[in-house]
Amino acid sequence: MTGWKKLCLLYGRILRWANGTRLSVIELYRETEIEWRDCLYQFTATIASHLLCRVVQSAADGWILDMDGVVQYENNFFFRHPMLWDTVIIFLTLLLPAVIATLLLDREYMEQYKRTVDFDKYTDHICAKSALLLALPGETLRLGLSIISYFTAFDFGLFVIRLDGSFNIAGERLTKLLRKILSTEGVLYWLLFASAHLITSAASLGLHLLIYRYIWNQTERKYRIRAKKQQNP
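Anyway, here's the lowdown on the structure attached to this text. (Residues numbered from 1 in each chain as written. Predicted model: local features only at pLDDT ≥ 70, side-chain atom pairs only at ≥ 80, totals over all residues. Heavy atoms only, no water.)

1. Focus on the pattern of salt bridges
The tally for this structure, following the rule as stated, stands at 10 salt bridges. Note that Asp86 is salt-bridged to Lys180, the shortest N-O span being 2.7 Å. Taken together, the residues Asp86 in helix H4 (residues 82–118) and Lys180 in helix H6 (residues 169–182) connect sequence positions 94 residues apart. The buried category is assigned to Asp86, whose relative accessible area is 5%. The class for Lys180 is partly exposed, based on a relative accessible area of 42%. A salt bridge links Glu111 to Lys114; the nearest nitrogen and oxygen atoms lie 3.4 Å apart. Here Lys114 and Glu111 lie together in helix H4, a separation of 3 residues that amounts to about one turn. (Salt bridge = Lys/Arg side-chain N within 4 Å of Asp/Glu carboxyl O. Helix = DSSP H or I, 4+ residues; strand = E, 2+ residues; numbered from the N terminus. Buried < 20%, exposed > 50% of the residue type's maximum accessible area, 1.4 Å probe, protein only.)

Structure below.
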């Protein structure tokens with residue numbers, strides 16, 4: 001068999017695998033009744049909440065680290081313990097976006113539960129599948145945007161905007177925190193950078209799963225109470 005034939009066979013196998021994967025993903029979304037609009041709403045709410053947290057985080061940093069004439073630096077607890085302040089920022093910027101996105105999408109999550117019930121697709125594992133399929137597309141895109149934002153400036157003529165990790169503030173802070181501990185440069189720095197973003201993205205996804213599960217259980221409880229009342233008026 002010539003090299004060209006082997007290459008064509010390999011290409012055909014890759015296409016078949018890609019098409020099989022595509023069909024499997026489509027079937028998963030059909031099973032969970034998650035629509036592309038749901039993923040878009042989730043992504044938009046998450047990005048908006050991260051940008052809002054960037055404003056809050058910048059204001060807090062300004063107050064803690066750049067105070068002038070209010071409190072002496074040496075009397076500022078967080079100024080004397082910058083690593084602790086970084087840890088606080090990481091925790092808050094993981095928790096707040098998840099909470100804000102949930103407040104914005106609470107009704108949407110309930111509708112997703114209702115669709116699985118209405119179309120008789122409810123199973124014990126449908127909640128986890130729904131949460132993952134809902135968040136993964138947007139979280140993957142956000143991870144890419146958060147990395148790109150470190151190296152990109154948006155020039156609007158009159159002013160230049162640098163996002164500098166605004167889509168993943170926790171990843172930005174964890175990178176700085178790890179650098180303080182390990183003092184790495186070059187390739188090791190980029191490994192820390194990538195690891196920090198993956199760790200914080202996984203933590204963000206985990207928070208989303210927990211909150212989604214909570215809302216799902218609350219909605220299921222309401223439905224069961226309503227069903228009992230209808231059976232026993």
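Further notes follow.
2. Considerations on H6
Spanning 14 residues, H6 covers 20 Å between terminal C-alpha atoms, matching the ideal 20 Å at 1.5 Å per step. For H6, the full list of buried residues reads Ile169, Ala170, Gly171, Glu172, Arg173, Leu174, Thr175 and Leu177. Of the residues one or two after H6, Ser183 is the one with positive phi, at around 50°. (Expected span 1.5 Å × (residues − 1).)

3. Describing a nonpolar patch on the surface
A cluster of nonpolar residues, Phe91, Leu92, Leu95, Leu96, Val99 and Leu103, forms a patch on the protein surface that exposes about 530 Å² of accessible area. Along the polypeptide, Leu95 turns up in helix H4. (Patch = residues over 30% accessible without salt bridge, like charges linked within 9 Å, V, L, I, M, F, W, Y side chains within 5 Å. Areas by Shrake-Rupley, 256 points an atom, 1.4 Å probe, with all protein chains shown as cover.)

4. Digging into unusual backbone geometry
Positive phi outside glycine occurs at Glu33, with the angle close to 60°. Structurally, Glu33 is set in the loop between helix H1 (3–32) and helix H2 (36–65). For Asp120, which is not a glycine, the phi torsion comes out positive at approximately 55°. Tracing the chain through its elements places Asp120 in the loop between H4 and helix H5 (126–148). On the basis of relative accessible area, Asp120 is assigned to the exposed category, the value being 72%.

5. Quick look at H5
Relative to the 33 Å expected for 23 residues at 1.5 Å per residue, H5 spans 34 Å between its end C-alpha atoms, a close match to the ideal helical length. Bending of H5 peaks at approximately 35° at the position of Leu136, with proline Pro137 no more than four residues after it. When H5 is considered as a whole, its buried residues turn out to be Ile126, Cys127, Ser130, Ala131, Leu133, Leu134, Ala135, Gly138, Glu139, Arg142, Leu143 and Ser146. (Bend = angle between axes of the 7 residues up to and from the residue.)

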